[in-house]
Amino acid sequence: MVFEVLKLVRENKAKTLVKKYLDQVAPGFLHALNSYCLRKRGVDCVSLLLEDPEELRALLIEKNPLPVVEFVGKLLVKPLLAQVKKEELSDLLARVFVEDPPKFKKMLGEVLGDP
């Protein structure tokens, strides 16, 4: 139970960080992306990024070329990495998001200090 609560708190904090960042650099983008993810899978994009990056990647690839998917991955992880002062990993994690989503999930968890 405690683990589930901590997970929910982290997920909500991640959503807030990503929203704040994207509202500054790409107003309206997160809203459009979330609308797409919610319509297709019933889950917002940040939750998919954290819990099922393979599914998010698959959704993005349906409509976008790989460089765009990588760019979106970078936009989503950058504010999370900034929280832990690891922004220099954004290019690497974005590339791994495209190439190997399960590895991405593991790496992101390690960088963010997930249990």
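Structural data are supplied above this passage.
To start, this report covers the structure provided alongside it. (Residues numbered from 1 in each chain as written. Predicted model: local features only at pLDDT ≥ 70, side-chain atom pairs only at ≥ 80, totals over all residues. Heavy atoms only, no water.)

Regarding the state of the cysteines
Argument step 1. Counted according to the given criterion, the structure contains 0 disulfides.
Argument step 2. Cysteine 37 takes part in no disulfide bond, and the closest cysteine sulfur, belonging to cysteine 45, lies 5.0 Å away.
Argument step 3. Classification of cysteine 37 as buried rests on a relative accessible area of 0%.
Argument step 4. The buried category is assigned to cysteine 45, whose relative accessible area is 0%. (Disulfide = S-S within 2.5 Å. Buried < 20%, exposed > 50% of the residue type's maximum accessible area, 1.4 Å probe, protein only.)

Observations regarding the nonpolar core
Argument step 1. Of all hydrophobic cores here, the largest spans 30 residues; its most connected members are Cys45, Leu49, Leu56, Leu76, Phe97 and Phe104.
Argument step 2. Those elements that provide at least two residues to this core are helix H1 (2-25), helix H2 (29-41), helix H3 (45-51), helix H4 (53-63), helix H5 (66-83), helix H6 (90-99) and helix H7 (101-112).
Argument step 3. Among the elements that take part in this core, H5 stands out by supplying 7 residues, more than any other.
Argument step 4. When neighbours within four sequence positions are excluded, cysteine 45 is seen to be in contact with Leu30, Leu33, Asn34, Cys37, Leu56 and Leu76. (Core = buried A, V, L, I, M, F, W, Y, C linked by side-chain atoms within 4.5 Å. Helix = DSSP H or I, 4+ residues; strand = E, 2+ residues; numbered from the N terminus. Contact = heavy atoms within 4.5 Å.)

Quick notes on H4
Argument step 1. Along H4, the positions that sit buried rather than exposed are Pro53, Leu56, Leu59 and Leu60. Along the axis of H4, the buried residues cluster in a sector spanning 125°; they form a single face. (Arc of directions from axis to C-beta.)

As for H7
Argument step 1. Between its first and last C-alpha, H7 extends 16 Å over 12 residues, near the 16 Å set by a 1.5 Å rise per residue.
Argument step 2. Among the residues of H7, Pro101, Phe104, Met107, Leu108 and Gly109 are the ones counted as buried.
Argument step 3. Looking at the buried positions of H7, the neighbouring elements they touch are H3, H4, H5 and H6.
Argument step 4. Directly beyond the C-terminal end of H7, a positive phi value near 80° is found at glycine 113. (Expected span 1.5 Å × (residues − 1).)

Some words on unusual backbone geometry
Argument step 1. Of note, the phi angle at lysine 85 is positive, near 60°, even though the residue is not glycine.
Argument step 2. Its location among the elements puts lysine 85 in the loop between H5 and H6.

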